[in-house]
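Structural overview
What follows is the residue order along each chain.
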2 protein chains.
Amino acid sequence: MIAYNDQGHCFLHSPTAMPLAGGFLWNAHMLVQMNCRGYAVAQFMQPEPAKYAGGPMLEAKTFMQPEQPYYAHHPGRFFYVKDEHSGAFFSAPYEPVRAPLASFRFVHQPHCIGWQIRAHGIELQMELTLADDRAAELWTVTVTNLQEQERHLSLYPYFPVGYRSWMNQSGYFDASNQALVCRSVTPYQKVQDYFNHRHLRDWTCLLADTPPQAWEARQQVFEGEGGLHAPSALQQQLLDNGEANYEVPAAILQYRLTLKSGQNRRWRFVFAPVRDDAELAALRDHFFGSGGAGFDRAASAYRDYIQNGRGCGEIHSPDEDFDKFVNHWLVRQLYYHGDVNRLTTDPQTRNYLQDGMGMAYLQPSRTRQVIVTALRQQKRSGEMPDGVLLNEQAELKYINQVPHADHCVWLPICLQAYLDETDDYALLEECLGFADSNEQLPVATHLQLAMQWLLQARDDRGLSLIRQGDWCDPMNMVGYQGKGVSAWLTLASAYAFALWAQICAAGGRNQQSQYWQEQAGQLNQLANHWFWADEWYARGITDGGRLFGTARDNEGQIYLNPQSWAMLCGAADPKRQSSMLAAIEDKLMTPFGPMMLAPAYTSMVEDIGRLTQKFPGTAENGSVYNHAAMFFVYALYHQGLGERAFTLLKAMVPGLDDWQQRGQLPVFIPNYYRGAYHQLPHQASRSSQLFNTGTAGWYYRCVIEGLLGLKGCSQGLQVSPQLPEHWPGVRAVRRFRGAELEVEMRKEALLNQQLYLDGVRLEGDCVGHLESGRRYRLVVLLPMGEDHG
Amino acid sequence: MIAYNDQGHCFLHSPTAMPLAGGFLWNAHMLVQMNCRGYAVAQFMQPEPAKYAGGPMLEAKTFMQPEQPYYAHHPGRFFYVKDEHSGAFFSAPYEPVRAPLASFRFVHQPHCIGWQIRAHGIELQMELTLADDRAAELWTVTVTNLQEQERHLSLYPYFPVGYRSWMNQSGYFDASNQALVCRSVTPYQKVQDYFNHRHLRDWTCLLADTPPQAWEARQQVFEGEGGLHAPSALQQQLLDNGEANYEVPAAILQYRLTLKSGQNRRWRFVFAPVRDDAELAALRDHFFGSGGAGFDRAASAYRDYIQNGRGCGEIHSPDEDFDKFVNHWLVRQLYYHGDVNRLTTDPQTRNYLQDGMGMAYLQPSRTRQVIVTALRQQKRSGEMPDGVLLNEQAELKYINQVPHADHCVWLPICLQAYLDETDDYALLEECLGFADSNEQLPVATHLQLAMQWLLQARDDRGLSLIRQGDWCDPMNMVGYQGKGVSAWLTLASAYAFALWAQICAAGGRNQQSQYWQEQAGQLNQLANHWFWADEWYARGITDGGRLFGTARDNEGQIYLNPQSWAMLCGAADPKRQSSMLAAIEDKLMTPFGPMMLAPAYTSMVEDIGRLTQKFPGTAENGSVYNHAAMFFVYALYHQGLGERAFTLLKAMVPGLDDWQQRGQLPVFIPNYYRGAYHQLPHQASRSSQLFNTGTAGWYYRCVIEGLLGLKGCSQGLQVSPQLPEHWPGVRAVRRFRGAELEVEMRKEALLNQQLYLDGVRLEGDCVGHLESGRRYRLVVLLPMGEDHG
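Residues numbered from 1 in each chain as written. Chains lettered and ligands numbered in written order. Predicted model: local features only at pLDDT ≥ 70, side-chain atom pairs only at ≥ 80, totals over all residues. Heavy atoms only, no water.

Points about the overall build of chain A
- A tally of helices and strands in chain A yields 17 helices and 42 strands.
- Over its C-alpha trace chain A gives a radius of gyration of 28 Å, about what one expects of a compact globule, namely 28 Å for 789 residues.
- When burial is assessed residue by residue, chain A has 67% of its 789 residues classed as buried.
- Carbon together with sulfur atoms contributes 47% to the accessible area of chain A, which is approximately 26100 Å² in total. (Helix = DSSP H or I, 4+ residues; strand = E, 2+ residues; numbered from the N terminus. Rg over C-alpha atoms; globule rule 2.2 N^0.38 Å. Buried < 20%, exposed > 50% of the residue type's maximum accessible area, 1.4 Å probe, protein only. Areas by Shrake-Rupley, 256 points an atom, 1.4 Å probe, with all protein chains shown as cover.)

Listed below in structure tokens is the structure:
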């Protein structure tokens, strides 16, 4: 039912097997999540996220939601096809008619999403791609007559735009621009908002390359008493050419066509937000001005844009599906996060830095830019803001209005990845100002201040205060009274100090390095003293002094994050590590990865917070929250437990055996799979379908640095693969500091790893002296039978 | 297709003729707008308005919208009926299946809304009423077998609750309470909101008097691939008993039943928001605790509540439909406005005072309370706030955050109506504090301060500054820079001064009276000087000094309000009055009333404001905005132009000849009918379906004081009817200061009006010395052939 082809394109052959499945396309101006049945969630930036097609009532402005439910009038892009002779009709891709189809194929390529539908002896090919340089959907639709006899058909593109405004909404056909235009005025009441709204693209247009025979702009008249599954207007020979005047508008066109046997006909459409008539005319000119060359040029430029998101490595392993996911889709997801910052104007600082970390493996200059941008918004005290503002009008919204304590932690993590990949230690000397001070200080000092801020943001015991949340946003009531502390943040601070100490050492700052190494060590001791609870690390101590995340709790007994980070920061000695790994296996593990906590909370715990009110098994309340699962995988690789780590990497991607349970195509990692595995087994493993997650960058890092073990260091490329036991070897490409290495790894009967660069055996595990612009062939011979797991 | 019965109940016999038609029910805790096809918009107070059933996605929090569009998944209350033998099914009242029905009858009674549906040889009677003392819908459903043979049926109540929360939503059947419970947690992110939300009723339950055979809480599973018009779950013998676990919940039950020919069976359900299990159990106990006696008690108490909303007059004229509308429905709408303040916690001051004015004719003590409550929130400067806060947590929201200049105007208007009705001049001596001062001053001084505030809130020319709006909210950019002035407000201030002068005179404050009479006169002169523009009054002068609302404008040439109020305040001399009446007739009049302005604006006018961005012919942009139309009617009666006034009173109620165009049942006055009569004739006259409007109080006042001419004064009841020419007479009941008068008016061949009280001829036009508790019979003989029009 689902499959990759050779180029990694992902296919789905049923519209009903995975009703929520789909994919997404983006450019710097917009994002569209396209569902296999035809529903769509799209937003564009002006500069704040806005919608050009919405639901049938005024929607709340909010962030993207997990497990987005669809319903008949949900926004989507549909094509009704009617046989003029028999009156029979169906709709493509599947909604809203849901007619039985002779065949259905949904195809996701990195740069486009398409369908091939066959029904009633007709084939419909539909393809959606985006413009490269603006918010515009480019649709190509081809109708083919598969039957022997000539067919008289009508094709009706039906692009609903929803309830737009109680102030003003309308729709009409603009013949000069060959566009169905849905106008509206974003509703408001305050004078100032008039000036704020003046620049908004409040209109939505469907531009056509060919004039239609008829059109309809009134959604409800089109639908009539027949309903969306059998619109009354389809019973007419021609649509009414009806304007919507303060009625819910929709872009509906009718093309009548006659096709001989085997004959086909193609249309192209552009669906886009526009500001006014001038912009509409410009848009038409841009795409359809000279016979549609602009349309093709834009589509081709968009393909180029997506292809630019090339990772620093490719893997060719015995596991082809894994390779395809990593090489085509994981890199793409990482590119999306890092290149357009999830299309937010105020990314949460931790997300911004981790997405930036991922870019170290695609376009390290972007990582540098992220570090610089973030540090310019640091306070002189060392504190990092809750979100990074990416334009001058941007404001901290939603969760970024809640104070979180962890943002400084991510600085050395992001920096280390960047330095390992580039060796650009000069960055540390670059002078930058602060959000609240013009004083120009080197990046190294900014980092130093950030580490000092973490150091002071502790209680009398020396434990890290959690304020209204750490990495875990909704853990907002552990410390809102100013006293609660976080075990994870204490351990993460130790890890940050240790990384910063390493960076200092590598940069020749030995005294500083020693200082931070000592601080890390002390934190580890404190963490072991206060947070180790019999068999694993607790999650924190509340304002009221209650240690939680232990066997004494009925719910939320064990949290994954403190365990993972205790492995990273070195707090966990081998005995502790083996005890807690056993506990994770016992209490958190599921066939699709480790849950973030267990058992999931089923009612509010007032000294933990909002987390406990989330539905059991969703999001932070005990789902397989992939970002957290990924920290665990990274920690496993860090500890050389590659066998176990690889199992979890694989578990994170919907596979042939469980795609239907997960309900998601293997074209991205979702932010979570439903957990509460023992509490609510029926829903467990269901994908959130939400592709915004800090997971992607870490996943790729684990593949490059953990699995393949091809990690940068000051001397060059450190080679220490952790291949799964059942792999005899692997081939890979690694682009590194301008050089390109073709890598072949083979397990042989050896005692120690051997490296051959262009046939020459190297001493040690590091490939040094690589020259930018050159290609190399690296053979890595690995001792057989090593067990990392 | 529509008709009243003898008791004024309103019937509609087609589900498709008027798809938006319906009615509303309310109590002090909730409101439900019930559409004839089964859709519903309901809110309850906690204490801010909230919903217990919503749409399929997160909805924006907003005020009630005009022309509310419905769609398949819109919230509603539906009953599917399936024949177990044939598998055939339909749904009542009509949605979502839209099956052809043998008959359909929608009935609105003042205290309940019901249907009688016949299809497939089955009759369904459904009735909705409310609990008297809490937010709860009470449903009674009766199924009758109309066929000869025994029938095996399933009845499925389908009460969707919508997408509730991205944090937590679920549904399950609670057998101990016989309730399908849909739980959720109102989504939030800030700690403080946890404490703000703790008291919220976030759950929705459907309590049943009888245990169902099966149930389903998963909306999407119920619907399946079949869709709402043919839910997949109906193909099963029994529903799945499926819990919704972070899935869109719905309350769906299944009752299997066998009915012999002619046999029927009845169910009762309660649909309500609840806070927790304890409240759920209490609710069950309350309604179904002792065989359902509580249900009956509540329904009966609710009927009593509605019947309490009795007006001070009843009319029995040759126009029975008019009588039924006024006696049953207009009074009811007025009661709704005045008794529960449109279910807002911060009514706009002008609405609060005008709704209070209306209550003078129902329950004058409420008017007194309104005046006192409003004046306690007056500033010591005399300025009135933009909204009146009705509880301690209430805040000024939406439009009440925009400064408007007119609120003081409504004080003497409301007060005059109250004093005329009650003669309670003692109120003027009652001492009250201020919003910003504890100083206790008499009501008369509060009024004095308000009038002084109006007097000073003028520009150098002496014209009233409009700030960011006057009565017309969206006229927000005429004066936002501090200079623009309003012609309407200048005239309205003159009228307010004149009324206050009358009240002063009646209360023996002669010097004050003279002062304010002079001020009124001066304002009238200024208005005539600055605003009279050739044939009618302009609407104002903008910040930039532009006189607008004149023949020199292409759009918005003439506004109704300045003309109406120039008639009220006496600014318009007979010549001006006749000129502007001709202009109104020519430019504003439509068969369903006068438009508020014409031509409607088709694009933004930056020195007028938001009004011009509204869709042409809707709301303030040139609709027949009934509140404004009513001012005009009141002004016509004021000027003795009763013939013309009555025509417009009639035109405001959907009639037999135009109900389909208006699309509304004659059970309330909507806030507008679409205008732009010449610009967009196709949509013109369409009802907004929105029953929140200041119109009701004025309408009733016009009937009592204008048409019937039974107006209170210090001496008693002033009698000066303005019956339409074609009425030979009228009978009426007038309750006045505790007395009840049975009134008969007859046109006879007389020169002057004659009054007979209990058979005794009275001198003059005033009925004095009426004793509370007594009944009188008043005969009014009117000279024939008088023409007021």
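Concerning the pattern of salt bridges
Residues and elements named next belong to chain A.
- Counted according to the given criterion, the structure contains 108 salt bridges over all chains.
- Here Glu585 makes a salt bridge to Arg644, at a shortest N to O gap of 3.5 Å. A residue pair is termed long-range when its members are at least 10 positions apart, and Glu585 in helix H13 (residues 574-588) and Arg644 in helix H15 (residues 642-651) qualify at 59 residues.
- Judged by relative accessible area, which is 41%, Glu585 ranks as partly exposed.
- Residue Arg644 is classed as partly exposed on the basis of its relative accessible area of 29%.
- Each of Glu314, Arg735, Glu740, Glu742 and Arg775 takes part in one network of salt bridges that share partners. (Salt bridge = Lys/Arg side-chain N within 4 Å of Asp/Glu carboxyl O.)

What about the relation of the copies chain B and chain A?
- When chain B is fitted onto chain A, the two copies agree to an RMSD of 0.0 Å after a turn of 180 degrees and an axial shift of 0.0 Å. The superposition of one copy onto the other is thereby described by a two-fold rotation axis. Using C-alpha coordinates, one finds that chain B approaches the rotation axis most closely at Ala60 of chain B, a distance of 1.8 Å.
- Mapped onto chain A, 100% of the interface residues of chain B again fall at the interface, so both copies present the same surface. (Least-squares fit on C-alpha atoms with pLDDT ≥ 70 in both. Contact = heavy atoms within 4.5 Å.)

A closer look at the UniProt feature "domain: Glycosyl hydrolase 94 catalytic" (unreviewed entry) in chain A
- Within the UniProt annotation, "domain: Glycosyl hydrolase 94 catalytic" (unreviewed entry) is assigned to residues 315-709 of chain A.
- Taken end to end, residues 315-709 of chain A is 45% helix and 7% strand, and its first and last C-alpha atoms sit 12 Å apart. (UniProt positions renumbered as here; feature names shortened; annotations may be inferred.)

A few points about the interface of chain B and chain A
- Opposite the 65 residues of chain B that make contact, chain A presents 65 residues.
- With both sides pooled, the region where chain B packs onto chain A buries about 5800 Å², and carbon together with sulfur makes up 55% of that total.
- If you sort the residues of chain B by the area they bury against chain A, Gln189, Glu225 and Tyr246 of chain B come out on top, with a joint share of 13%.
- The interface formed by chain B and chain A includes 6 salt bridges.
- The salt bridge involving Glu247 of chain A is made with Arg686 of chain B; its shortest N-O contact spans 2.8 Å.
- In this structure, the connection of chain B to chain A is made through 37 residue pairs in polar contact (both at pLDDT 80 or more).
- At the level of secondary structure, the elements contributing two or more residues to the side of chain B that touches chain A comprise strand S14 (169-174), helix H1 (191-197) and helix H2 (219-223) of chain B.
- The element best represented in the side of chain B that touches chain A is H1 of chain B, accounting for 3 residues.
- Its residues assigned to classes, the side of chain B that touches chain A comprises 30 nonpolar, 21 polar and 14 charged. (Buried area = accessible area lost by both parts, 1.4 Å probe. Polar contact = N/O pair within 3.5 Å; in protein donor to acceptor, adjacent residues only side chain to side chain. Nonpolar A, V, L, I, M, F, W, Y, C, P; charged D, E, K, R; others polar.)

Thoughts on the sheet that holds strand S39 (residues 754-757) of chain A
All names here are of chain A.
- Across the sheet, which stays open at both edges, the 6 strands sit in the order S21-S37-S38-S42-S39-S40 with mixed pairing between neighbours. Two strands bound the open sheet, and with one partner strand each, they are strand S21 (313-316) and strand S40 (760-762). Adjacent strand axes in the sheet meet at a mean angle of 20 degrees when their direction is disregarded.
- As paired strands, strand S37 (residues 729-736) and strand S38 (residues 739-748) are joined by 8 bridges and run antiparallel to one another. Note that in S38 the partner of Phe736 across the bridge is Ala739. (Pairing = 2+ DSSP bridges. Axes fitted to C-alpha atoms, helices over the stretch in contact; angles between N-to-C directions.)

Topic: the packing of helix H9 (residues 443-456) of chain B against helix H10 (residues 487-506) of chain B
Residues and elements named next belong to chain B.
- Where H9 meets H10, the axes come as close as 10 Å, and the angle between the chain directions of the two elements is 155 degrees. When the axis of H9 is compared with that of H10, the two are roughly antiparallel. Here the hand of the crossing between H9 and H10 comes out left-handed. Residue-level contacts link Ala444, Leu447, Gln448, Met451, Leu454 and Leu455 of H9 to Ser493, Ala496, Phe497 and Trp500 of H10.
- Along the lines of polarity and charge, the residues of the contact of H9 with H10 split into 8 nonpolar, 2 polar and no charged. (Parallel < 35°, antiparallel > 145°, perpendicular 65-115°, else oblique. Left-handed = near helix turned anticlockwise from the far one by under 90°.)

Observations concerning the UniProt feature "domain: Glycosyl hydrolase 94 supersandwich" (unreviewed entry) in chain A
- On the UniProt side, "domain: Glycosyl hydrolase 94 supersandwich" (unreviewed entry) is annotated at positions that read residues 74-286 of chain A here.
- Secondary structure within residues 74-286 of chain A divides into 10% helix and 47% strand; the distance between the first and last C-alpha atoms comes to 30 Å.

Description of the confidence of the model for chain A
- Per-residue pLDDT for chain A has a mean of 96; in total, 99% of the residues score no lower than 70.
- Here the complex is predicted with pTM 0.96, and the ipTM for its interfaces comes to 0.95. (pLDDT = per-residue confidence, 0-100.)

Comments concerning the packing of helix H6 (residues 349-359) of chain A against helix H17 (residues 695-707) of chain A
All names here are of chain A.
- Packing of H6 against H17 leaves a shortest axis separation of 8 Å and a crossing angle of 35 degrees. Read as a crossing pair, H6 and H17 show a hand that is left-handed. Contact with H6, carried on its side by Gln354, Met357 and Gly358, involves Gly697, Trp698 and Arg701 of H17 and no other residues of that element.
- Of the residues belonging to the contact of H6 with H17, the class tally is 2 nonpolar, 3 polar and 1 charged.

A few points about the environment of Ile113 of chain A
All names here are of chain A.
- Inspection of the secondary structure puts Ile113 in strand S10 (residues 112-119).
- Residue classification places Ile113 among the buried positions, given a relative accessible area of 0%.
- With 571 residues separating them in the primary sequence, Ile113 and Ala684 have C-alpha atoms 28 Å apart.

Focus on the environment of Val274 of chain A
- With respect to the helices and strands, Val274 of chain A occurs in strand S20 (residues 264-274).
- Once residues within four sequence positions are removed from consideration, Val274 of chain A is found in contact with Arg201, Asp202, Trp203, Cys205, Glu279, Leu280 and Leu283 of chain A.

Thoughts on H9 of chain B
Residues and elements named next belong to chain B.
- Taking 1.5 Å of rise per residue, 14 residues should cover 20 Å, and H9 covers 20 Å from first to last C-alpha, within 8% of that figure.
- Where H9 is concerned, the buried positions are Val443, Ala444, His446, Leu447, Gln448, Leu449, Ala450, Met451, Trp453, Leu454 and Leu455.
- On its buried side, H9 packs onto helix H7 (364-376), helix H8 (410-422), strand S22 (431-432), strand S23 (441-442), H10 and helix H11 (510-531). (Expected span 1.5 Å × (residues − 1).)

So, the packing of aromatic side chains
- Under the counting rule described, the total for this entry stands at 112 aromatic pairs over all chains.
- Seen in terms of ring centroids, Phe78 of chain B and Tyr158 of chain B are 6.0 Å apart; in terms of plane orientation they differ by 25 degrees. Their pairing is stacked. Here the residue Phe78 of chain B occupies a position in strand S7 (residues 78-83), and Tyr158 of chain B occupies one in strand S13 (residues 151-160), the gap between them amounting to 80 residues.
- The exposure class assigned to Phe78 of chain B is buried, which follows from its relative accessible area of 1%.
- Residue classification places Tyr158 of chain B among the buried positions, given a relative accessible area of 1%.
- Every member of this aromatic cluster is reached through a ring pair, and the members are Phe44, Tyr52, Phe79, Phe106, Trp115, Trp139, Phe159, Tyr255, Trp267, Phe269 and Phe271 of chain A.
- Its guanidinium or amino end placed over the ring of Phe434 of chain B, Arg380 of chain B lies 5.4 Å from that ring's centre, counting from NZ or CZ.
- The ring of Tyr188 of chain A has Arg610 of chain B sitting right over it, with the charged end atom 5.9 Å from the ring centre. (Phe/Tyr/Trp six-rings, centres within 6.5 Å; stacked < 30°, edge-to-face > 60°. Lys NZ or Arg CZ within 6 Å of the ring centre and 35° of its normal.)

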